[in-house]
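# Examining the three-dimensional arrangement
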Amino acid sequence: MNKQVFGSNLESLMIAIPCALLWQTGCQNSDTAPDPNAPAGACKQWSWEFDRVDQSPISGYGASIAVTADRIWISSIRATGPLGDMMGATKLFDIGMWKPEQLSFTGSYGDKTDLVVGDDGLVYAAFHQAEEGYLRIATQGGDIWTMKNIQSETARIGNIPGIISVGDTLQVAHADGYNALTSPTPLLFTTVEHASSETRELVNRGGTLSTPTSLDVARHGTTTGIVYAFTDGQGATKGDLSFVTLADGGEPVLSTIIEPSTGFEALDVHLASTSNDGWLAVFGGNYENEAEVEVDGVYRAVWDGEHWSVRQMADIGACHTSLAVDANDEAFAVATQIEHGTMTLSYGPAAGEWLTEEVEVPQEFGALSWPSLAIDAQGRLHAAFLSYQDGETHLVYGRGTPTPKVCEGPEAN
């Protein structure tokens, strides 16, 4: 294991955050008690607070967020010329300042990092270091981060990783190859236990539709699910959306959510499991509807145990999305519209009707993009974004706190 210690010179980087601005959105206010027979998530009044995490522009790539009992964790890839650094930031829920941390140093990293809180209570970050061909796992324990490098025989391992924790094992889904536009790129699956790791190939199509451009991983019982969008290996934007399950000790089982003939295009995909043996995927993108018209927006796909059903949740144009599901199977999806950087929130029972509403973001936080979403035990939403404003890129944090209200003409989609 390659072990590095961070944090010894970070005090000078600590920044003070001004008082967060509070914005409210949701159904109209009412003094009437909520209807107890209304479906879960039928209406809420949301109060949103936003903070800038970093003081200096980062020219970042993507963001990921995780929450523990008392702390918020955010990670991102910070561009430094042609190369990049893996950076993080942490903050207590309601007090203190954001504390930036450099998790790893220059090394030409990929465009995504993924965070997870392990069953052991530690925080793990998965990211790609292309220069040496590593999939890297960073572990936060106490005040230091330690690094584990997973070397591939092809020296191309680890791009667009998704990570989950299963007992004392980490599971990572990732694409084999950072220069994916020049050759077919298999979908890989790596398990990491203490000092050992094992990587296996799940999908290798070869030829057309051969490059995973976005993926996510989730767990249900003793089965791991991976949703992934494939596109043409020569850089075409159209492809398909597929799904693979891998039961413990079993072989991968593949299914197709959206066929390539529909002209499907996804900017990113996200996956969660539900308690009724179902799976839920959310993505920002488009595909041809019944009238053979390609419509950009927020989509969800629901697996009911027999087949997938896909429907549009919000017609907001091209967007990036993120997904979280609570213990009661209520799902939440945040989307940021690419052209204008506006933010929407969709929520409701995983397989039922959802509401969609726009969240007003103060202008000082710029145009938001690439959201990452988490939910805590109190039902609060925590989101990390990249923010673009005046030619600079910053990390922004948002927190949504719900209050039950009565809906007056809910906008169910």
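Remember, it's a predicted structure, so these values are computed and weren't measured experimentally. (Residues numbered from 1 in each chain as written. Predicted model: local features only at pLDDT ≥ 70, side-chain atom pairs only at ≥ 80, totals over all residues. Heavy atoms only, no water.)

## Here we look at empty space enclosed by the protein
Counted according to the given criterion, the structure contains one cavity of 30 Å³ or more. Approximately 40 Å³ is the volume attributed to the largest cavity. In terms of lining residues, the largest cavity is bounded by 10 residues, among which Trp 73, Ile 74, Gly 88, Ala 89 and Trp 145 are the most central. Sorting the residues of the lining of the largest cavity by element identifies β4 (71-80), β5 (83-92) and β6 (99-104) as the ones contributing at least two each. Here the lining of the largest cavity is built from residues that sort into six nonpolar, three polar and one charged. (1 Å grid on protein atoms, 1.4 Å probe; cavity = no way out; pocket = protein on both sides within 12 Å on 5 of 7 lines; lining within 4 Å. Points joined across faces, edges and corners; volume = space filled by probe spheres on them. Helix = DSSP H or I, 4+ residues; strand = E, 2+ residues; numbered from the N terminus. Nonpolar A, V, L, I, M, F, W, Y, C, P; charged D, E, K, R; others polar.)

## Re the pattern of salt bridges
According to the stated counting rule, one finds four salt bridges in the structure shown. Of the charged contacts in the structure, one is a salt bridge between Glu 353 and Arg 311, with a shortest N-O distance of 3.5 Å. You can see Glu 353 sitting in the loop between β25 (343-349) and β26 (355-359) and its partner Arg 311 sitting in strand β22 (residues 308-314), a full 42 residues away along the chain. (Salt bridge = Lys/Arg side-chain N within 4 Å of Asp/Glu carboxyl O.)

## Brief notes about the pairing of strand β12 (residues 169-175)
β12 sits mainly inside the fold: seven of its seven residues count as buried. By the alternation rule, side chains of β12 split into Thr 169, Gln 171, Ala 173 and Ala 175 and Leu 170, Val 172 and His 174, which are all buried. Bridge analysis of β12 against strand β13 (residues 187-193) gives six bridges, and the strand direction is antiparallel. Within the sheet, the bridge partner assigned to Ala 175 lies in β13 and is Leu 187. (Buried < 20%, exposed > 50% of the residue type's maximum accessible area, 1.4 Å probe, protein only. Pairing = 2+ DSSP bridges.)

## What to know about the environment of Trp 98
Within the element layout of this structure, Trp 98 appears in the loop between β5 and β6. Since its relative accessible area comes to 0%, Trp 98 is described here as buried. Linking Trp 98 and Ile 72, residues 26 residues apart in sequence, is a C-alpha distance of 9.3 Å.

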